[in-house]
Amino acid sequence: MAAEIFFYIALLLLSAKLFGEIAERMGVASLVGQLIAGIIIGPLLGWVIIGDFLKEFITLGIIFLLFMAGLEIKFQEIRKYMYSASILAFTGGLLSFLLGFFVGMLFFNNIIIAFAIGTVLISTSNGTLFLFLMKTGEFTSKTGR
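Predicted, not measured: the structure shown is a model, and the values here were computed from it. (Residues numbered from 1 in each chain as written. Predicted model: local features only at pLDDT ≥ 70, side-chain atom pairs only at ≥ 80, totals over all residues. Heavy atoms only, no water.)

Draft legend 1. Just the packing of aromatic side chains, in detail. Tallied over the entire structure, the rule returns two aromatic pairs. An aromatic cluster is defined as three or more aromatic residues linked by ring pairs; in this entry it consists of Phe97, Phe101 and Phe115. (Phe/Tyr/Trp six-rings, centres within 6.5 Å; stacked < 30°, edge-to-face > 60°.)

Draft legend 2. Spotlight on the side chain of Ser15. Within the secondary structure, Ser15 is located in helix α1 (residues 2-25). According to the relative accessible area criterion, Ser15 is buried, its value standing at 8%. What Ser15 contacts, discounting residues up to four positions off in sequence, is Ala37 and Ile41. (Helix = DSSP H or I, 4+ residues; strand = E, 2+ residues; numbered from the N terminus. Buried < 20%, exposed > 50% of the residue type's maximum accessible area, 1.4 Å probe, protein only. Contact = heavy atoms within 4.5 Å.)

Draft legend 3. Layout of the confidence of the model for the protein. For the protein, mean pLDDT is 77; residues scoring 70 or higher make up 76% of the total. Considering each helix and strand of the protein separately, the mean pLDDT is smallest for helix α4 (residues 75-80), with a value of 71, and largest for α1, with 84. (pLDDT = per-residue confidence, 0-100.)

Structural data, given as structure tokens:
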């Protein structure tokens, strides 16, 4: 069981690194390649099956990512953009949910699955945005704030 979990993690990391490098060489952010790798390895090919441990491990990774992003933020800078950022975050979350819900209804025609996909996209969209801003160096710019 433990060897299988380590194999899945290694496969995910290796494919994310490989696809991230390919994406960077094509002039696209490495995050795009990493996301494509996860989609191919997981749902499309079915090589990685997310169990309870891997689900918790992924959640821990998202928590660390958000924690790292939070360490780079100064509250005095946030105060200036608090209202516009709140509106932007709410709109982004709502749009992520609606698009995920639409995709779930389109491909699975099941309201529970569509709701789950929309909810997952809300929880991962902010972490993905933070990582993208940090990788491109725009996290401390006016747009990033």
